[in-house]
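So you can see what is in the structure, the chains are spelled out below.
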Amino acid sequence: MDAMVRELSYAQAIQEAMAIAMDMDERVFLMGEDIGVYGGAFQVTGDLVERYGAERVIDTPISELGGAGVAVGAALTGMRPIFEFQFSDFATLAMEQIVNQAAKMRFMLGGEVSVPVVMRFPAGSGTGAAAQHSQSLEAWLGHVPGLKVIQPATPYDAKGMLLAAVADPDPVMIFEHKLLYKMKGPVPEGYYTVPIGKADIRREGRDLTIVATSIMVQKALDAAAALESEGIEVEVVDLRTIRPMDKQTVIDSVKKTSRLLCVYEAVKTLGIGAEVSAMIAESEAFDYLDAPIVRLGGAETPIPYNPELEKAVVPQVPDIIAAARDLVKGVR
Amino acid sequence: MAGASKAVTDSRANLPFVYRQYSAEQLTEVLHKMYLIRRFEEGAEECYTRGLIHGTMHLSIGQEASAMGICMPLTEDDQITSTHRGHGHCIAKGAEVKRMFAEFFGKTTGYCKGRGGSMHIADVGKGNLGANGIVGGGIPIAVGAALSSKMMKTGKVVVSFFGDGANNEGAFHEALNMAAIWKLPVIFVCENNGYGMSTSTARSTGVKNIAERAAAYSMPGVIVNGNIFSEVAEASHQAVARARAGEGPTLIESKTYRHRGHSKSDRNRYRTKEEIEDWMSNRDPITLFESELREFGFIDDKGIEAIRDAVAQEIADGIEFAKASPAPDVRDAGNYVYTEQA
Ligand SMILES: Cc1ncc(C[n+]2csc(CCOP(=O)(O)OP(=O)(O)O)c2C)c(N)n1
Ligand SMILES: [Mg+2]
């Protein structure tokens, strides 16, 4: 029997996934700042504390390093914690436990242990929260072997990938763009997973491949819809996972379209765009390229407070349209 | 400090600290500034509600005596680090409200040229090294500023404001320890308003009073009623004297309350209406200070009226200034990332 499909917001989809995970497995519990009665800074945990109690929906003190480390220790010893950072920016306070401990523990101990911790990071700009509450740091963690790093772009994927993350024996870092939380989309009831490490072709096209992540997927789709009227057919690949990256889907798409544009919100240089471009340059798809690869990423600046500046420093739909058009028309 | 004359001081011998220490003029200026903080935040809140300001903001309404009391013995050269709830600290350290409004409106005339907004409000010229978006982020920075003061022999004292929630960050503990072992001229001021966002200190903190943490770093830990200006100022005086004498840091816990929610997204589910109501009606720091000033004969109704009117005008002018100021050019979005070099 097919599961009932309803419209849920991205935040509701995550909340439902966490509830299902807790129903299915009593080892699963939630930790984070103000995730109890407050419901989480973005209302993702909502009223889960009323349903599962304060023992399984644990408000931590404002102690990111310690809190993340406690989650790592619990995961190491049999529990299945889902740890919420209030903002992804605060990962910087917990880097030690994430990078030195969670990521390497299994390796350092010769495979004797595993760390099935899930960490959730509300990320990105667009809320006027300025430089310390708006960053996109996923590539930082993507650089660390031992971690898996995902960026679901739809409510459907947010639920399915979170459930896959909980089932995964290794640490999974989930970057959730804050502006996606209110986005609605179809989500089936009940348990299902969306595999980690698998990209998704969200729109097919023959002229150009746009590889996008997170909120940029929707922006790329909007750009693709606009370009259709100009006769430009864009293929949009939602990367979904940045480590381990689904190279084959991107390679196949580029072989088909012969042009590649990478769109992501994080600072342009030394990031996902560099990785995808280099991966293509190293692959058999390189010979198929009809134009140089183009990256569209965030400006080389912290996120400013002023709303016009804030918009200007990350790619917007018109920027994607212009870059795609130039690429296809051979302007670059 | 230009204080009261000897004869006047004698007649005030039994009054609380500040009434012995300061002139009527200085004390009414404190009331003026407390009103300025309150009305500034009410004005900012209204502008936010009307959609003129974006982002979020954390209001310190109810905590004005704490900011003013701590800053009272500081000179313009002394420095502070502040928090996300930092508008009061900024005004208490001498900032102009018009440039603060301009910052909230994202304008080039703002203290951070529209780049920082409420959460990064600063006034470096007046010794405010900045609010902070990171809980506890300013505490080690204050210790670093105090290290500069010691190494450069500037005589500056540094105050680090932070909330009760910050006392559970590693940065707090590491910073206090270094300040203690190096005997630095820094004062740690924990504004304990009972909650870090939704989490009460009882639920977050292993000690009953944050001041007890001081014992672990062998520095004095002082608890004051943060809603009584005189109590806060007296503790600050002592800590400043200690710091200037090279005797090292002090931890002051200023017990207070925020009337508003944590930020603009707070539904106040973790505290009762009665609790909020009690603090607002019975322990409001401005009301308390105002009635003392009146009782001890430092001000009359007319004087209070004059202060309120002047503040209302300053706020209205400040908002007009902000509205009329130019926005940054988007082509300048990359400015200030690095130091411009000739
Ligand atoms: C490192 C870090 N963790 C979490 C937050 C989110 N946050 C901002 S203010 C706040 C509560 C701070 O409480 P407290 O220190 O008591 O200051 P108050 O807000 O009560 O003035 C939290 C959790 C943050 N900004 N930085
Ligand atoms: Mg607090």
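Quantities reported herein were computed from a predicted structural model and do not represent experimental measurements. (Residues numbered from 1 in each chain as written. Chains lettered and ligands numbered in written order. Predicted model: local features only at pLDDT ≥ 70, side-chain atom pairs only at ≥ 80, totals over all residues. Heavy atoms only, no water.)

Chemist: I tried to follow the overall build of chain A on my own but got confused; where do I start?
Modeler: Tallying secondary structure elements over chain A gives 12 helices and 14 strands in all. Relative to the 2.2 N^0.38 estimate, which gives 20 Å for 332 residues, the radius of gyration of chain A is 20 Å and therefore close to what a compact globule would have. Its C-alpha atoms give chain A principal-axis dimensions of about 60 × 50 × 40 Å. In chain A, the proportion of contacts linking residues at least 24 apart, taken out of those at least 6 apart, comes to 82%. (Helix = DSSP H or I, 4+ residues; strand = E, 2+ residues; numbered from the N terminus. Rg over C-alpha atoms; globule rule 2.2 N^0.38 Å. Contact = heavy atoms within 4.5 Å.)

Chemist: Explain the pattern of salt bridges here, please?
Modeler: Side chains carrying opposite charge are able to pair once their charged atoms draw close together. All names here are of chain B. All told, the structure shown has 35 salt bridges over all chains when counted by the stated rule. Put simply, arginine 38 and glutamate 64 hold a salt bridge, and the shortest N to O gap is 2.6 Å. Of this pair, arginine 38 sits in helix α3 (residues 24–49) while glutamate 64 sits in helix α4 (residues 64–71), placing them 26 residues apart in sequence. Grouping residues by exposure puts arginine 38 and glutamate 64 together as buried. A salt bridge links glutamate 290 to arginine 308, with the shortest nitrogen-to-oxygen separation between them at 3.1 Å. On the criterion of sequence distance, the pair formed by glutamate 290 in helix α12 (residues 285–295) and arginine 308 in helix α13 (residues 301–324) is long-range, its members being 18 residues apart. Judged by its relative accessible area of 7%, glutamate 290 falls in the buried class. Residue classification places arginine 308 among the partly exposed residues on the basis of a relative accessible area of 30%. Taken together, the shared-partner salt bridges in this structure form one network comprising Glu290, Arg294, Asp301 and Arg308. (Salt bridge = Lys/Arg side-chain N within 4 Å of Asp/Glu carboxyl O. Buried < 20%, exposed > 50% of the residue type's maximum accessible area, 1.4 Å probe, protein only.)

Chemist: Honestly, the side chain of A:Lys159 in this entry has me stumped. Any pointers?
Modeler: Within the secondary structure, A:Lys159 is located in helix α7 (residues 155–167). Judged by its relative accessible area of 0%, A:Lys159 is buried.

Chemist: Looking at this structure, how should I read the coordination of the magnesium ion (ligand 2)?
Modeler: Around a metal, the idealised angle for a tetrahedral arrangement of four donor atoms is 109.5 degrees; for an octahedral arrangement of six donor atoms it is 90 or 180 degrees. Residue and element names in this part refer to chain B. Coordination sphere of the magnesium ion (ligand 2), protein contribution only: Asp164 (OD), Asn193 (OD1) and Tyr195 (O), at 2.1 Å. All donors to the magnesium ion (ligand 2) come from one chain, and their sequence spacing reads D-x28-N-x1-Y. For the residue pair asparagine 193 and tyrosine 195, the accessibility class agrees, reading buried in each case. (Donors = N, O, S within 2.8 Å, 3.2 Å for Na, K, Ca; no water.)

Chemist: Sorry, what's going on with the pairing of strand β4 (residues 80–84) of chain A here?
Modeler: The side chains of a regular strand alternate, first on one face of the sheet and then on the other. Residues and elements named next belong to chain A. A large share of β4 lies buried, amounting to five of its five residues. Summarising the sheet, strand β2 (residues 28–32) and β4 pair through five bridges and their orientation is parallel. Within the sheet, the bridge partner assigned to phenylalanine 29 lies in β4 and is proline 81. Bridge count for β4 against strand β5 (residues 118–123) is three bridges, and the pairing is parallel. (Pairing = 2+ DSSP bridges.)

Chemist: What should I look at first to understand the domain arrangement of chain A in this one?
Modeler: For interface size, the figure often reported is the accessible area lost on association. Residue and element names in this part refer to chain A. According to the domain assignment, chain A consists of domain 1 (5–188) and domain 2 (200–329). The straight-line distance from the C-alpha centre of domain 1 to that of domain 2 is 26 Å. With 30 residues of domain 1 in contact, the opposing surface of domain 2 contributes 22 residues. Taking both sides of the interface into account, the surface hidden between domain 1 and domain 2 amounts to around 2000 Å²; carbon and sulfur atoms contribute 56%. Sorting the residues of domain 1 by area buried against domain 2 places Ser125, Gln151 and His177 first, and these three jointly supply 23% of that buried surface. At the junction of domain 1 with domain 2, the criterion picks out one salt bridge. A salt bridge links aspartate 157 to arginine 240; its shortest N-O distance comes to 3.2 Å. Our enumeration of links across domain 1 and domain 2 arrives at 11 residue pairs in polar contact (both at pLDDT 80 or more). When contributions to the side of domain 1 that touches domain 2 are tallied by element, the ones reaching two or more residues are α6 (138–142), β6 (148–150) and α7. The class makeup of the residues in the side of domain 1 that touches domain 2 is 15 nonpolar, 12 polar and three charged. (Domains from an automatic or database assignment. Buried area = accessible area lost by both parts, 1.4 Å probe. Polar contact = N/O pair within 3.5 Å; in protein donor to acceptor, adjacent residues only side chain to side chain. Nonpolar A, V, L, I, M, F, W, Y, C, P; charged D, E, K, R; others polar.)

Chemist: How do you make sense of the site of ligand 1 when you look at a structure like this?
Modeler: The environment of ligand 1 is formed by 23 residues, the closest being A:Glu64, B:His84, B:Arg85, B:Gly133 and B:Gly165. Mapping the residues adjacent to ligand 1 onto the chains of the assembly identifies chains A and B. Contact distances for ligand 1 include 2.7 Å between an oxygen atom and a side-chain N or O atom of B:Arg85. Protein contacts shield 97% of the accessible area of ligand 1, which totals 580 Å² for the unbound molecule. (Near = heavy atom within 4 Å. Areas by Shrake-Rupley, 256 points an atom, 1.4 Å probe, with all protein chains shown as cover.)

Chemist: Mind showing me how you'd approach the packing of aromatic side chains here?
Modeler: How two aromatic rings sit relative to each other is set out by the distance from centre to centre and by the angle between their planes. In total, this model carries 18 aromatic pairs over all chains according to the counting rule given. Plain terms: the ring middles of A:Phe87 and A:Phe90 are 5.5 Å apart, the flat faces sit at 55 degrees to each other, and that makes the pair tilted. Each member of the pair, A:Phe87 as well as A:Phe90, is classed as buried. Chaining the aromatic ring pairs together yields one cluster made of A:Tyr10, A:Phe42, A:Phe87, A:Phe90 and A:Tyr181. A cation sits over an aromatic face here: B:Lys113 above B:Tyr336, 5.2 Å from the ring centre. The ring of B:Trp279 has B:Arg283 sitting right over it, with the charged end atom 3.9 Å from the ring centre. (Phe/Tyr/Trp six-rings, centres within 6.5 Å; stacked < 30°, edge-to-face > 60°. Lys NZ or Arg CZ within 6 Å of the ring centre and 35° of its normal.)

Chemist: Which parts of the structure should I look at to understand the sheet that holds strand β2 (residues 158–163) of chain B?
Modeler: Adjacent strands of a sheet form backbone hydrogen bonds with each other and so pair up, either parallel or antiparallel. Residues and elements named next belong to chain B. On the basis of which strands lie adjacent, the open sheet formed by five strands has the order β1-β2-β3-β7-β6 and parallel pairing. Every interior strand has two partners, whereas the edge strands, β1 (79–81) and β6 (221–225), have only one. Across the sheet, the axes of successive neighbouring strands diverge by a mean angle of 20 degrees, strand direction being ignored. Both β6 and strand β7 (residues 250–255) contribute to a ladder of five bridges, which runs parallel. Within the sheet, the bridge partner assigned to asparagine 225 lies in β7 and is lysine 255. In this fold helix α7 (residues 138–152) packs onto β1, β2 and β3 (186–192), with an angle of close to 175 degrees to the strand it touches most, β2. (Axes fitted to C-alpha atoms, helices over the stretch in contact; angles between N-to-C directions.)

Chemist: Quick question: what am I supposed to make of the interface of chain A and chain B here?
Modeler: Counting residues at the interface gives 33 residues for chain A, matched by 38 residues for chain B. Summed over both sides, the interface between chain A and chain B buries roughly 2800 Å², with carbon and sulfur atoms accounting for 58% of that surface. Three residues, A:Tyr38, A:Ile62 and A:Tyr305, lead the burial of chain A against chain B; their summed loss comes to 28% of the area buried on that side. Taken together, chain A and chain B are joined by one salt bridge. Between B:Arg203 and A:Asp59 there is a salt bridge, with its nearest N and O atoms 2.6 Å apart. Between the two partners, chain A and chain B, sit 15 residue pairs in polar contact (both at pLDDT 80 or more). Sorting elements by how many residues they give to the side of chain A that touches chain B places helix α11 (residues 307–312) of chain A first, with five residues. Looking at the side of chain A that touches chain B residue by residue, the classes come out as 17 nonpolar, nine polar and seven charged.

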